[in-house]
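# Inside the fold
Given next are the chains, with one letter for each unit.
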Amino acid sequence: MIKTDILIIGAGPTGLFAVFEAGLLKLKCHLIDALPQPGGQCSEIYPKKPIYDIPAFPEVLAGDLVDNLMKQIEAFQPGFTLGERAQTIEKLEDDTFIVTTNKGTKHHAPVVAIAGGLGSFEPRKPPITNIGDYEDHGVEYIIRDPEMYRGKKVVIAGGGDSALDWSIFLTDIAESVTLVHRRNEFRGALDSVDKVQELKDAGKIELITPAEVIDVVGNGKVEGVSVKRGAEVFNKECDHFIPLFGLAPKLGPIADWGLEIEKNAIVVNNALDYQTNIPGIYAIGDVNTYPGKLKLILCGFHEATLMCQSAYKRIFPDKRYVMKYTTVGGVEGFDGSKKEAPKAVIKAIN
Amino acid sequence: MQDITLHITDREGVEHNIQAPTDMNMNLMEVIRSYELAPEGTIGICGGMAMCASCQCYIESDHDLPEQNYDEEAMLAEAFHVKENSRLGCQLFISDALHELKLTLAPEE
Ligand SMILES: Cc1cc2nc3c(=O)[nH]c(=O)nc-3n(C[C@H](O)[C@H](O)[C@H](O)COP(=O)(O)OP(=O)(O)OC[C@H]3O[C@@H](n4cnc5c(N)ncnc54)[C@H](O)[C@@H]3O)c2cc1C
Ligand code: FES
């Protein structure tokens, strides 16, 4: 069981900054994210794009913003459960919470802060009617263990970086690799596109374009897929079908936690501390809603800051505390590090 | 002209006749959101960068629309439920040329 003071669901910019504000109050944080890396939308959707409305940063790449946030919170030693989705929550008699992920990892904390953004990032599934019957029986949306494709016939669908990169990678492992895409052009890094061209010319990747997989064929497990190219429909024999169409956010299991939901977001008390209808559970950043809500990074930072003050009072109801400027109080890390403003040098003039 | 009229059928099949300003640098996806014709969180996920296809719609009138740019073409090639008349709402800017445009929102993926 992982124990912490504030359990943060979602490691996007809002969740990451909450670690800093909590750290100033000597509260420890642990973050859960469905993605394998921190950064939320900034790292998953637009890491290479500039943002212009972060106060005091005239321009910053979304990926650099995340790197900087990670650097800023390093001294507060946050824990991470990555690549797992927070699935269930249970309130114990002492008003603390246990959050369990889809992989069974349990987390225990007196405060839960949901910073889930637009939701947990899940694979986009193509609208093939019977595809659900074959999930984990030859249809995979994420490649977890490339070894399982050794000596197998694999069909990959998609036109972005992950479809290109995995097609290239699997040529050395699988018996055959077929890549199906709706257009002749691919939207990926130029050298991946060139590499696929090279492997195609060498007969190591079969490219079927412009075409689409419209059906999965099999009997309990995948035996092939139906491919449609123009008016022609044909069967392509395979052991695995891997649709790689990127990820999209889904609010998912959090919607069933008994929280008040409106417009696909969690209703919070914005006049006070961004607490939800369940005391002890807060919602900050893109995932919450209140009158006048704006889904902006700077608003998430503000909400995270107020949430931490309220969390402190919940955890230590009897302790007095007043907010201190970092310039005055410095930043004392849990790793023993200390940053503080240099003291003025006093020197007499004779 | 400052405002144009649009005929939009939402994902539930309800038709809305709405007014959209031509002088606010808005795109079709933003107009749809401003009238709340699709629930928040189900449209405009990428903010209008042709990176998510949540704003896909089917154009049903024969307006002469601007050509698809590279990003729109590429995204539609990876979107689902795509038809001949599919466009990304976020790539269509509100101008006089869109007056009386008729369209239906594509289903949520
Ligand atoms: C293309 C684009 C451009 C943008 N430009 C700007 C801009 O210029 N300025 C600006 O201020 N904002 C911009 N935004 C919006 C900004 O990115 C968001 O406001 C910000 O990312 C919200 O941060 P967050 O931490 O609240 O949520 P997110 O970044 O969405 O992170 C939430 C995280 O929570 C995880 N999660 C959710 N549910 C679960 C669960 N049950 N279990 C595990 N993990 C879960 C998700 O996987 C995700 O990683 C832009 C967004 C996009 C898409
Ligand atoms: S809003 Fe994402 S593609 Fe249009």
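Source: prediction; values computed, not measured.

### Quick notes on the domain arrangement of chain A
- The domain boundaries assigned to chain A delineate domain 1 (2–122 + 248–339) and domain 2 (131–245).
- Domain 1 of chain A and domain 2 of chain A are separated by 37 Å when their C-alpha centres are compared.

### A closer look at the packing of aromatic side chains
All names here are of chain A.
- Inspection of every chain in the model, using the stated rule, returns nine aromatic pairs over all chains.
- With a centroid separation of 5.2 Å and an interplanar angle of 55 degrees, the aromatic rings of Tyr 312 and Phe 316 are classed as tilted.
- Ring plane angle 45 degrees and centroid distance 5.3 Å describe the contact between Tyr 312 and Tyr 321, whose orientation is recorded as tilted.
- Since its relative accessible area comes to 35%, Tyr 321 is described here as partly exposed.
- Linked through ring pairs, Phe 17, Phe 20, Phe 76, Phe 301 and Phe 334 together constitute an aromatic cluster.
- It is Lys 319 that lies over the ring of Phe 316; its NZ or CZ is 4.0 Å from the centre.

### What to know about the packing of helix α1 (residues 13–24) of chain A against helix α3 (residues 62–73) of chain A
Residue and element names in this part refer to chain A.
- Where α1 contacts α3, the two axes come as close as 8 Å, and the packing angle between them is 20 degrees. One way to sum up the angle between α1 and α3 is to call them roughly parallel. Once α1 is placed against α3, the crossing between them reads as left-handed. Across the interface between the two elements, Pro 13, Leu 16, Phe 17, Val 19 and Phe 20 from α1 touch Val 66, Leu 69, Met 70, Gln 72 and Ile 73 from α3.

### Notes on the site of ligand 1
- Within the structure, ligand 1 sits among 34 residues, and Asp33(A), Gln41(A), Tyr46(A), Asp53(A) and Ala86(A) are positioned closest to it.
- Ligand 1 sits at the junction of chains A and B, each of which supplies nearby residues.
- The contact in question runs from an oxygen atom of ligand 1 to an N or O atom on the side chain of Asp33(A), over 2.7 Å.
- The separation between a nitrogen atom of ligand 1 and a polar main-chain atom of Ser120(A) is 3.3 Å.
- Calculation on ligand 1 without its partners gives an accessible area of 1,000 Å², and the protein chains cover 93% of this total.
- Contributing elements (two or more residues each) for the shell around ligand 1: α1, β3 (29–33), α2 (40–44) and β11 (120–123) of chain A.

### Observations concerning the nonpolar core
- One finds Ile6(A), Ile8(A), Ile114(A) and Met307(A) to be the most contacted residues of the largest nonpolar core, which totals 59 residues.
- For this core, the secondary structure elements donating two or more residues are β2 (6–9), α1, β3, α3, β8 (97–101), β10 (111–114), β22 (281–283) and α7 (297–315) of chain A.
- Per-element accounting of this core gives the leading share, eight residues, to α7(A).
- When near neighbours in sequence (up to four residues on either side) are disregarded, Ile6(A) contacts Ala22(A), Leu27(A), Lys28(A), Cys29(A), His30(A), Val111(A), Ala113(A), Met307(A), Cys308(A) and Ala311(A).
- Ile4(B), Ile18(B), Ala79(B) and Leu98(B) belong to the second-largest nonpolar core, a separate cluster that totals 30 residues.

Conventions and cut-offs
Residues numbered from 1 in each chain as written. Chains lettered and ligands numbered in written order. Predicted model: local features only at pLDDT ≥ 70, side-chain atom pairs only at ≥ 80, totals over all residues. Heavy atoms only, no water. Domains from an automatic or database assignment. Phe/Tyr/Trp six-rings, centres within 6.5 Å; stacked < 30°, edge-to-face > 60°. Buried < 20%, exposed > 50% of the residue type's maximum accessible area, 1.4 Å probe, protein only. Lys NZ or Arg CZ within 6 Å of the ring centre and 35° of its normal. Axes fitted to C-alpha atoms, helices over the stretch in contact; angles between N-to-C directions. Helix = DSSP H or I, 4+ residues; strand = E, 2+ residues; numbered from the N terminus. Parallel < 35°, antiparallel > 145°, perpendicular 65-115°, else oblique. Left-handed = near helix turned anticlockwise from the far one by under 90°. Contact = heavy atoms within 4.5 Å. Near = heavy atom within 4 Å. Polar contact = N/O pair within 3.5 Å; in protein donor to acceptor, adjacent residues only side chain to side chain. Areas by Shrake-Rupley, 256 points an atom, 1.4 Å probe, with all protein chains shown as cover. Core = buried A, V, L, I, M, F, W, Y, C linked by side-chain atoms within 4.5 Å.

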